[in-house]
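Inside the fold
Single-letter residue listing:
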Number of protein chains: 2
Amino acid sequence: MTMQDARTPENPSGAAEAQRKPGWHKGYVGGSRPDIRVPVRRVHLTNGQDVTLYDTSGPYTDPTIDTDVRRGLPPLRENWIISRGDTEEYAGRELRPEDDGIKHTSPRGGLKNLDAVFPGRPRQPRRARGDVAVTQLAYARRGDVTPEMEYVAVRENVSPEFVRDEIAAGRAVLPANVNHPESEPMIIGKNFLVKVNANIGNSAVTSSIEEEVEKMTWASRWGADTVMDLSTGRNIHTTREWVLRNSPVPIGTVPLYQALEKVDGKAEELSWEVYKDTVLEQCEQGVDYMTVHAGVLLRYVPLTARRKTGIVSRGGSIMAAWCLAHHQESFLYTHFEELCDILRTYDVTFSLGDGLRPGSIADANDEAQFAELRTLGELNRIAKARGVQTMIEGPGHVPMHKIKENIDLQQEICEEAPFYTLGPLTTDIAPAYDHITSGIGAAMIGWWGTAMLCYVTPKEHLGLPDRDDVKTGVITYKIAAHAADLAKGHPGAQDWDDALSDARFEFRWEDQFNLALDPDTAREFHDATLPAEPAKTAHFCSMCGPKFCSMRISRSITEQFGAGESLTSEDEIRDGMLAKSREFAESGNRVYLPLAD
Amino acid sequence: MTMQDARTPENPSGAAEAQRKPGWHKGYVGGSRPDIRVPVRRVHLTNGQDVTLYDTSGPYTDPTIDTDVRRGLPPLRENWIISRGDTEEYAGRELRPEDDGIKHTSPRGGLKNLDAVFPGRPRQPRRARGDVAVTQLAYARRGDVTPEMEYVAVRENVSPEFVRDEIAAGRAVLPANVNHPESEPMIIGKNFLVKVNANIGNSAVTSSIEEEVEKMTWASRWGADTVMDLSTGRNIHTTREWVLRNSPVPIGTVPLYQALEKVDGKAEELSWEVYKDTVLEQCEQGVDYMTVHAGVLLRYVPLTARRKTGIVSRGGSIMAAWCLAHHQESFLYTHFEELCDILRTYDVTFSLGDGLRPGSIADANDEAQFAELRTLGELNRIAKARGVQTMIEGPGHVPMHKIKENIDLQQEICEEAPFYTLGPLTTDIAPAYDHITSGIGAAMIGWWGTAMLCYVTPKEHLGLPDRDDVKTGVITYKIAAHAADLAKGHPGAQDWDDALSDARFEFRWEDQFNLALDPDTAREFHDATLPAEPAKTAHFCSMCGPKFCSMRISRSITEQFGAGESLTSEDEIRDGMLAKSREFAESGNRVYLPLAD
């Protein structure tokens, strides 16, 4: 956890760290009460101005907060939850070895007591007092503006009432399990900034628990708004506990994966009882949203038979196998109301999974896909009626001309519930570059109204993403999300572009780097061609060299016409440029031909 | 030049090479005459089928052709050009030291005679006999189908008459200078496959001539349809000669850059005489298309003064400086008709440059940009009337919601002349990732009718691209172009996606790699997680492991319903899967938990 590169006024001693990235600083914007302090990334420009950016990196980038992965983050929302008075602590479900993927008969032993594994497990689980909804949706409907709503209002620069109205209408969700008080409130809806999810997941051999926590903080450090923990196999419960206790962003899961582990991977042995037990286990831990593939109906399964790539969703294929084996509708569908009542007891948000999403260009927008979508529309209405926050998952592989139909149909069928899409990938031909094939589709569907984009890494279809892949995936999707914010005309979104373009036009290289989505790589690429310090303030860059710099010539035009002065002579311009060029030559750099040859 | 990884029936001894990439083979499709042989990339699948893909890599990937960078490529089109009988050889312009950026007064000496620099310079320059147009446009208009047109018809799987009609209407160009007979004919127009251009350019210190040639072959190896040589400074003429003599793809330039070198970088000292001399020099060498910023009018320059980033086009800013210094319209505009008459003498295609393109999101679609576009429309009509093939360049930095207006307006104003755009970049905030910010815009504008996309590399705005950057740029833009082909419903485009998706669904890993845009990286990423050979034939992949493989479960559904058989029992499916899993475990791999624990 060494990602502290910030400095705050309260902590001048953070200067040493700040030295490393002089332009990045953790800041906070206050709300109506002292315990609402919304984190931001402040970029101090060399021209004395400040630019304020959205920040998902949590306390890790605040040098005044001493984080410790073994202690977990401070429970930011705890008092808000307690003071509502509608929840209670209780003993909770007993933890069992199989929660960690360990068989009863395993000779190796295993988890006996979680406290031994996560020291300082901070609290007992909490749930609603009685059979009521303790959800942000329920609060919004009865007209309450919760601290969580005010927090996201500050974050998004809108009014708290607007947030409440969007949640009340089911157009936005604020995933915030009462058992994840460490999370910083964040809202997902088409009338807010487009969000990005990053998936992480262990691999039994290659990943340690610390590595999974590190992947989560790394993803949120680069801008992931939520993280899905898709771990399987051994230590699944313990990994999730560590991730949750240390996560400043909402955490999503697919409970079906863990339930399948509990029945030894035999899809047909899954049951409502095993599934419900797993959901309860994860609700008590603090999972904020859960993917539920309840729309895979028995009659839809044959619709996939003549597809190019059948069913590509793991959850979808598990449920399809179950339906076929039992020849009846799945327990997710038949017990959906009961599931709603569990989720609302903890304020867990539904992410209704698209188990029949297309896995190839050929299968996009087919009968199976849209049949399931209509069922998700049905389930969305049921969940909303029972006070459960709900979003809807979307594809997948879709060529550009078929993307808009997806979001339009989803918005119509699901009454504008937030759409949460994987990509979509706009072609199948580029394994190893599917962050790009899908980043194209993600930007477009974000523009047209998708609320959250699930990232795709370069390893998609090929293997498990490593740390670099996670970063590349998140950066690519932040680009897509921001491009969508611009296209939607989201208020203030363009300020970031404008600040960077101003810096570019004024040759403030350090400001360009610090304002970049990825300052490290931008600086590294620049320095690879012009490594010396003078090059960073020089009035030209490495592509054009001193003679050809269009920005330079162009600035002289701005100075002439912008300021209404008489024409600067070309000689004057050239003299100024010659001076700059000499400066560069004197610094010992001869990357380009000097002017006098 | 060691890029030979092909094997043809004529060359069984190519087997050793083929071993390295067993699925890639150079092939040819014949035309109506023996000298029309259109290269293709054949992928032999493990199921015995063949997939045929477009191929721009030239003779370098044909092991039966012995290429030698010092001799140049065989002059494929020479007989076609000669047999038309409308051109003649002539002595050509005398070569001068300043052609290579060397001053008369330079104490270091320099180029005296090009033959000494490029051994075996194969021929005298060729031009039209008399003042006529020897352009593909002129031939198309009089109803001729040239061998070049038939060649691209085979390449694009359309009729030669369709090619002729598109060229005659000015909706497509076939850049093919009579002095570049080495080039393989290639067509650019909205009713053909979307094309990709890669820029290369020397840096006086870091690049050698061989490196520039290597960059060109490297770019075309990964799919660049044209290459622009943007070299500046010393050896500019010689570099271009080597690139042209070795290039199987059309070569574009910006003659203004070289002209500026000839007047020591002093924009105001440029003149029609210096420019014309440079254009002639490049026409005689064989440049296929030239960017000409003739639309930058004096009265447009002040329109850029209040922009966020002024003028960002190098050519645009040079001409703006010239206009301001002289306070008159540029020689490119005032001598445009004369320029047309030069270009048609060699069949050089115009690429009318957008010197006032927006360099930031804030400046997109502004008055300056569209004023220039209207002038380009004027110039397009003049060029067409004089028989010169013409395409129009486009931006730049444009947010997604403003992209469509660009192509719609260009198509209207320029009578459907091919649009050739740089990106556009859909946000300014991600230096080091502008291949992605622009790949998004490129895919969209390609879908809506842009004929060629100029690539952007990760180094855009930061430095000069190296070999890896060139590859990343080309691959990203091939993705954008192919996504656009799919969205346009280009006949046959989806066959590639379908072949890859079939391979994916059937767990033919080697076929997936060989069908990928970049087989090397796809294979490397896969092997990083599952390196052993059995994993490549295993019926699951590294993301899901044996238990969760959705493709596997899904295949059993296909087998049941697709073939109309009675239900395979889940036990049978599981048995088959267990067998696969054991196979994997026996191979010594334990990347995932084996089923029995």
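Residues numbered from 1 in each chain as written. Chains lettered and ligands numbered in written order. Predicted model: local features only at pLDDT ≥ 70, side-chain atom pairs only at ≥ 80, totals over all residues. Heavy atoms only, no water.

**Topic: the UniProt feature "binding site: Zn(2+)" (unreviewed entry) in chain A**
Mapped onto the present numbering, the UniProt feature "binding site: Zn(2+)" (unreviewed entry) falls on A:His397 and A:His461. Judged by maximum C-alpha separation, these annotated positions cover 65 residues in sequence but sit close together in space, the widest gap being only 12.2 Å. For A:His397, the position within the fold is in the loop between strand S13 (390–394) and helix H15 (403–413). Not counting chain neighbours up to four residues away, the residues in contact with A:His397 comprise A:Pro358, A:Gly359, A:Ser360, A:Ile361, A:Ala364, A:Leu425, A:Asp428, A:His461 and B:Arg504. For A:His461, the position within the fold is in the loop between strand S15 (452–454) and helix H17 (467–487). Among the polar contacts listed, one links the side chain of A:His461 to the side chain of A:His397, at a separation of 3.4 Å. (UniProt positions renumbered as here; feature names shortened; annotations may be inferred. Helix = DSSP H or I, 4+ residues; strand = E, 2+ residues; numbered from the N terminus. Contact = heavy atoms within 4.5 Å. Polar contact = N/O pair within 3.5 Å; in protein donor to acceptor, adjacent residues only side chain to side chain.)

**Overview of the packing of helix H13 (residues 336–346) of chain A against helix H14 (residues 367–385) of chain A**
Residues and elements named next belong to chain A. In the contact formed by H13 and H14, the axes pass within 9 Å of each other and the chain directions differ by 45°. Judged on the interaxial angle alone, H14 and H13 are oblique. Crossing of H13 against H14: the hand is right-handed. Between H13, through Phe 336, Glu 337 and Cys 340, and H14, the contact on the second element is made entirely by Leu 379, Ile 382 and Ala 383. Residues that form the contact of H13 with H14 fall into these classes: 5 nonpolar, no polar and 1 charged. (Axes fitted to C-alpha atoms, helices over the stretch in contact; angles between N-to-C directions. Parallel < 35°, antiparallel > 145°, perpendicular 65-115°, else oblique. Left-handed = near helix turned anticlockwise from the far one by under 90°. Nonpolar A, V, L, I, M, F, W, Y, C, P; charged D, E, K, R; others polar.)

**Quick look at the pairing of strand S8 (residues 195–200) of chain B**
All names here are of chain B. Taking burial as the measure, the 6 residues of S8 include 6 buried ones, the bulk of the element. Covered by surrounding structure in S8 are Lys 195, Asn 197 and Asn 199 together with Val 196, Ala 198 and Ile 200, the residues of both alternating faces. Pairing of S8 with strand S15 (residues 452–454) involves 3 bridges; the strand directions are parallel. Across the sheet, residue Asn 197 finds its bridge partner in S15, namely Cys 454. Two elements, S8 and strand S9 (residues 226–229), share 4 bridges in a ladder whose sense is parallel. Across the sheet, the residue bridging to Ala 198 is Val 227, located in S9. (Buried < 20%, exposed > 50% of the residue type's maximum accessible area, 1.4 Å probe, protein only. Pairing = 2+ DSSP bridges.)

**Observations regarding the pattern of salt bridges**
A complete count under the given rule lists 84 salt bridges over all chains for this structure. One salt bridge in this structure joins B:Arg523 and B:Glu510, with 2.9 Å as the shortest N-O distance. You can see B:Arg523 sitting in helix H20 (residues 519–529) and its partner B:Glu510 sitting in helix H19 (residues 509–515), a full 13 residues away along the chain. Of the residues examined, B:Arg523 reaches a relative accessible area of 16% and is grouped as buried. In the salt-bridge network here, residues are joined through shared partners; they are A:Arg93, A:Arg96, A:Glu98, A:Asp99, A:Arg240, A:Lys262, A:Asp277 and A:Glu281. (Salt bridge = Lys/Arg side-chain N within 4 Å of Asp/Glu carboxyl O.)

**Some details on the sheet that holds strand S1 (residues 24–30) of chain A**
Residue and element names in this part refer to chain A. The antiparallel open sheet is built from 3 strands, whose spatial order is S1-S2-S3. Each of the sheet's edge strands pairs with one partner strand only, and the pair in question is S1 and strand S3 (50–54). With strand direction ignored, the average angle separating the axes of adjacent strands in the sheet is 40°. Here strand S2 (residues 37–44) runs beside S3; their pairing, made up of 5 bridges, is antiparallel. Looking at the pairing, Val 40 lines up with Tyr 54 of S3. The sheet contacts of helix H5 (residues 147–156) involve S1, S2 and S3, and relative to S2 the element is tilted by about 15°.

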